Amino acid sequence: MPAYKSIVILTGAGISAESGVDTFRDKDGIWSRVDYRDVATPEGFIRDAARVHEFYNQRRRGMATVNPNAAHAALARLEREFSGSVLLVTQNIDDLHERAGSTNLIHMHGELGKALCQACEQRSAWSKDMSALSQCPACGAVGYLRPDVVWFGEMPYQMERIYAALAGCDLFLSIGTSGNVYPAAGFVEEARLHGAHTVELNLEPSDGHSSFNEAVLGKATEIVPAFVDGMLSAR
């Protein structure tokens with residue numbers, strides 16, 4: 001295995017699915033049961049904030065029943081033991097990467113465990129239920145909190161930092177992603193444009209599988225630890 005110096009890893013719903021976290025786009029995923037326009041758009045929040053709050057409250061409560069799996073742990077180990085740089089970019093809003101030990105991490109779609117105040121634009125840790133009566137911990141305003149989650153039609157977070165990392169990496173890994181959600185689906189082409197080797201680790205080929213140099217198929221809890229073992233033993 002080549003001696004890589006800089007790794008960017010993109011993770012999606014597939015890596016958390018084996019921990020029991022619901023996916024969104026599978027045939028039995030969340031969007032097969034709930035209309036995203038009602039609970040994951042600014043317009044839906046304006047129409048019925050109580051419904052949106054309850055949707056995310058249920059998901060936030062559910063985080064107490066799940067734990068990081070072997071794939072999360074393997075990526076945390078890679079960050080700790082790899083001699084170069086490792087940046088983890090996740091589309092997931094759960095905190096399983098952090099709980100596994102990852103620290104150099106970007107939540108491009110926001111975090112379920114944070115609140116965003118529309119009055120002062122500050123973000124705060126948030127673990128309890130949220131409602132129209134919730135008070136902002138930063139400014140004290142009532143009625144302005146929303147989940148710190150990127151909704152449809154909104155720009156993902158830290159895109160400038162992500163694209164800079166993609167331009168500078170020599171290995172790009174995509175783990176558990178469908179390959180049909182942009183801009184994340186275009187990261188592989190961005191990395192390849194700058195000369196990176198690209199690898200997809202997935203349960204089945206993604207929509208963008210033909211853009212990768214290499215593919216490893218199987219359960220994330222099996223293939224990710226094995227891949228990380230191979231990388232670290234080749235040093």
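Residues numbered from 1 in each chain as written. Predicted model: local features only at pLDDT ≥ 70, side-chain atom pairs only at ≥ 80, totals over all residues. Heavy atoms only, no water.

1. So, helix α9 (residues 220-233)
Its 14 residues give α9 an end-to-end C-alpha distance of 19 Å, which sits within 8% of 20 Å, the value for a rise of 1.5 Å per residue. Among the residues of α9, Ala220, Ile223, Val224, Pro225, Phe227, Val228, Met231 and Leu232 are the ones counted as buried. Where the residues of α9 are buried, they touch β1 (6-11), α1 (13-17), α5 (70-81), β7 (171-175), β8 (197-202) and β9 (214-217). (Helix = DSSP H or I, 4+ residues; strand = E, 2+ residues; numbered from the N terminus. Expected span 1.5 Å × (residues − 1). Buried < 20%, exposed > 50% of the residue type's maximum accessible area, 1.4 Å probe, protein only. Contact = heavy atoms within 4.5 Å.)

2. What about the environment of Ile7?
The topology assignment puts Ile7 in strand β1. Owing to a relative accessible area of 1%, Ile7 belongs among the buried residues under this scheme. Measuring from C-alpha to C-alpha, the distance between Ile7 and Gly168 comes to 8.9 Å, with 161 residues separating the pair along the chain. Contacts of Ile7, omitting those with residues within four sequence positions, involve Leu78, Phe82, Ser85, Val86, Leu87, Leu171, Leu173 and Met231.

3. Things to note about the sheet that holds strand β6 (residues 145-149)
In space, the three strands of this open sheet follow the order β5-β4-β6, with antiparallel pairing throughout. On the outer flanks of this sheet lie β5 (123-125) and β6, each paired with one strand and no other. Here the average twist between neighbouring strands, direction ignored, is 45 degrees. Relative to the sheet, helix α4 (residues 49-62) contacts β4 (110-117) and β6, its axis offset from that of β6 by approximately 55 degrees. (Pairing = 2+ DSSP bridges. Axes fitted to C-alpha atoms, helices over the stretch in contact; angles between N-to-C directions.)

4. As for the pattern of salt bridges
Pairing between side chains of opposite charge can happen when their charged atoms approach one another. As enumerated under the stated definition, the model contains 11 salt bridges in all. A salt bridge links Arg123 to Asp148; the nearest nitrogen and oxygen atoms lie 3.0 Å apart. In this pair, Arg123 is assigned in strand β5 and Asp148 in strand β6, connecting sequence segments 25 residues apart. By relative accessible area, Arg123 is classed as partly exposed at 42%. Ionic pairing is found between Glu154 and Arg146, a salt bridge with its closest N-O pair at 2.9 Å. Classification of Glu154 by relative accessible area gives partly exposed; the value is 28%. Overlapping salt bridges bring together Asp38, Arg47 and Arg51 as one network. (Salt bridge = Lys/Arg side-chain N within 4 Å of Asp/Glu carboxyl O.)

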